[in-house]
Amino acid sequence: MTGTDRLFLVLSWTIGLCCVVFLMLPIVITVAASFTSSSVYTLPPPEWSLRWYRSLQERSGLWEAVSLSLNLALVSTAISLVLGTLAAVAVARGQFRGREAIATFTVSPLMMPGLVVGVALLQFFREIGLRDAYWSLLLGHIVITLPFVMRTLLASMSAFDFSLVDAARTLGLSYPKAILKVLVPNLAPAYLTGGLFAFLASMDNYPISIFLTDARNKTLPIKMLQYLEEQPDPSLAAISSGLILMAVIALVIGARTVGLNRMIQG
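Reading the values: the criteria
- Residues numbered from 1 in each chain as written.
- Predicted model: local features only at pLDDT ≥ 70, side-chain atom pairs only at ≥ 80, totals over all residues.
- Heavy atoms only, no water.
- Helix = DSSP H or I, 4+ residues; strand = E, 2+ residues; numbered from the N terminus.
- Buried < 20%, exposed > 50% of the residue type's maximum accessible area, 1.4 Å probe, protein only.
- Polar contact = N/O pair within 3.5 Å; in protein donor to acceptor, adjacent residues only side chain to side chain.
- Contact = heavy atoms within 4.5 Å.
- Axes fitted to C-alpha atoms, helices over the stretch in contact; angles between N-to-C directions.
- Parallel < 35°, antiparallel > 145°, perpendicular 65-115°, else oblique.
- Nonpolar A, V, L, I, M, F, W, Y, C, P; charged D, E, K, R; others polar.
- Patch = residues over 30% accessible without salt bridge, like charges linked within 9 Å, V, L, I, M, F, W, Y side chains within 5 Å.
- Areas by Shrake-Rupley, 256 points an atom, 1.4 Å probe, with all protein chains shown as cover.
- Salt bridge = Lys/Arg side-chain N within 4 Å of Asp/Glu carboxyl O.
- pLDDT = per-residue confidence, 0-100.
- Left-handed = near helix turned anticlockwise from the far one by under 90°.
- Expected span 1.5 Å × (residues − 1).
- Arc of directions from axis to C-beta.
- Phe/Tyr/Trp six-rings, centres within 6.5 Å; stacked < 30°, edge-to-face > 60°.
- Core = buried A, V, L, I, M, F, W, Y, C linked by side-chain atoms within 4.5 Å.

## A look at the side chain of Ser80
- Residue position: Ser80 is located in helix α3 (residues 62-93).
- Residue classification places Ser80 among the buried positions, given a relative accessible area of 0%.
- Separated by 2.8 Å, the side chain of Ser80 and the backbone oxygen of Ser76 make a polar contact.
- Setting aside anything within four residues of it in sequence, one finds Ser80 in contact with Thr85, Ile142, Thr145, Leu146 and Val149.

Listed below in structure tokens is the structure:
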């Protein structure tokens, strides 16, 4: 290795570490602030305390918001997995015109600002007479979770041998059963990856949910904004730390499951 190669290697590592520190620093600050004993955000904390984690039990409407967000995330992810599978199979195996246009249209909600999508959905739901907040939120979250699932599955299906599905059909399985028993197990890592990203995107969504909630149906991000306006104390950092922990756990479980699946297949 020449001196120039060593220089570029050191420079690459330095830039990489700086990027990691830049991205992780807000997370570290948020977690550290959640353990302060002070009533305001102070770093370093004067004393380490679980005060703000204990105070979450007294937050009005917090657990209702958590329950609603979990419900929307789980249901919208499940529906997106089904719809995403159907859309990906149609695009991957279909021989009709406009397949690429359909694939692009499916991911279009990710290409537009969330506020634009939220306003458009609000106007559309009002035009068709849908005024129930829960169903509006559920449909809105399906719109934003479906692209994650569809694109992940479509990328995996490009390398999948669909003759396996045809072979299962010749053995007596219907097409839906062949998809369920052959396609889904072989693309399990793609389903897991797409499902995790869809779940986290739903849990963390703010720009669409803000237009579709009402006084009795508020998701966790909307409730946190309300707390920030009413009483901005470090309990918000405690809630954020819980969301960070949930995301880390989900990603670790996903990585271990994918690794185990590859070991079994290998």
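After that view, the rundown keeps rolling.
## Description of the environment of Val252
- Relative to the assigned elements, Val252 resides in helix α13 (residues 235-265).
- Residue class for Val252 comes out partly exposed when judged on its relative accessible area of 40%.
- Distance from Val252 to Ser163, taken between C-alpha atoms, is 33 Å for residues 89 residues apart in sequence.

## A word on the packing of helix α9 (residues 175-186) against helix α10 (residues 188-203)
- Where α9 contacts α10, the axes come no closer than 4 Å and their chain directions differ by 70°. In terms of their interaxial angle, α9 and α10 are classed as roughly perpendicular. Residues Leu183, Val184, Pro185 and Asn186 of α9 form the contact with α10, whose own contacting residues are Ala188, Pro189 and Tyr191.
- Here the residues of the contact of α9 with α10 are counted per class, giving 6 nonpolar, 1 polar and no charged.

## Examining a nonpolar patch on the surface
- Together, Val20, Val21, Phe22, Leu23, Met24, Leu25, Ile27, Val28, Ile29 and Leu43 make up a nonpolar patch on the protein surface, roughly 940 Å² of accessible area in all.
- If you trace the backbone, Val28 turns up in helix α1 (residues 3-33).
- Looking at Val28, the relative accessible area reads 49%, which means it is partly exposed.

## A word on the confidence of the model for the protein
- Looking at the protein, the pLDDT average stands at 84 and 96% of residues meet or exceed 70.
- Taken element by element, the predicted model of the protein shows its lowest mean pLDDT in α13 (75) and its highest in helix α7 (residues 133-157) (90).

## With respect to the packing of helix α8 (residues 163-170) against α9
- One can describe the packing of α8 onto α9 by two numbers: an axis separation of 9 Å at closest approach and a directional angle of 125°. Put simply, α8 runs oblique to α9. Judged by the sense of rotation from one axis to the other, the crossing of α8 with α9 is right-handed. Mapping the contact onto sequence places Leu164, Val165, Ala168 and Arg169 in α8 and Tyr175, Ala178, Ile179 and Val182 in α9.
- A class-by-class count of the residues in the contact of α8 with α9 yields 7 nonpolar, no polar and 1 charged.

## Topic: helix α6 (residues 114-127)
- End to end, α6 covers 20 Å across 14 residues, agreeing with the expected 20 Å (1.5 Å per residue, within 8%).
- Taken together, the buried positions of α6 are occupied by Val117, Gly118, Leu121 and Phe125. Down the axis, α6 shows its buried residues gathered within 100° of arc, on one side only.
- Turning to α6, the residues buried within the fold contact α5 (108-111), α7 and α11 (209-212).
- Directly after α6, the chain includes Gly129, whose backbone phi takes a positive value near 85°.

## Examining the packing of aromatic side chains
- One pass over the full model with this rule turns up 4 aromatic pairs.
- Aromatic pair Phe124 and Phe125: ring centres 5.8 Å apart, planes at 55°, arrangement tilted.
- Ring centres of Phe160 and Phe162 lie 5.1 Å apart, and the angle between their planes is 90°; on these two criteria the pair is classed as edge-to-face.
- Judged by its relative accessible area of 11%, Phe160 falls in the buried class.
- Take Phe162: its relative accessible area is 9%, and that puts it in the buried class.

## Here we look at the nonpolar core
- Membership of the largest hydrophobic core comes to 21 residues, with the highest contact counts inside it found for Leu153, Leu154, Met157, Phe160, Val165, Leu183 and Leu187.
- Element by element, the count of residues in this core is highest for α7, at 5 residues.
- Non-local contacts of Met157, meaning those with residues more than four positions away in its chain, are made with Thr85, Ala88, Val89, Ala92, Phe162, Leu183 and Leu187.
- Grouped together as the second largest cluster of nonpolar side chains are 12 residues, Leu72, Leu130, Ile144 and Ile208 included.

## Things to note about the environment of Leu130
- Residue placement: Leu130 occurs in the loop between α6 and α7.
- The sequence separation of Leu130 and Phe96 amounts to 34 residues, and the corresponding C-alpha distance is 33 Å.
- Leave out the neighbours within four places in its chain, and Leu130 touches Phe125, Trp135, Ser136 and Leu139.

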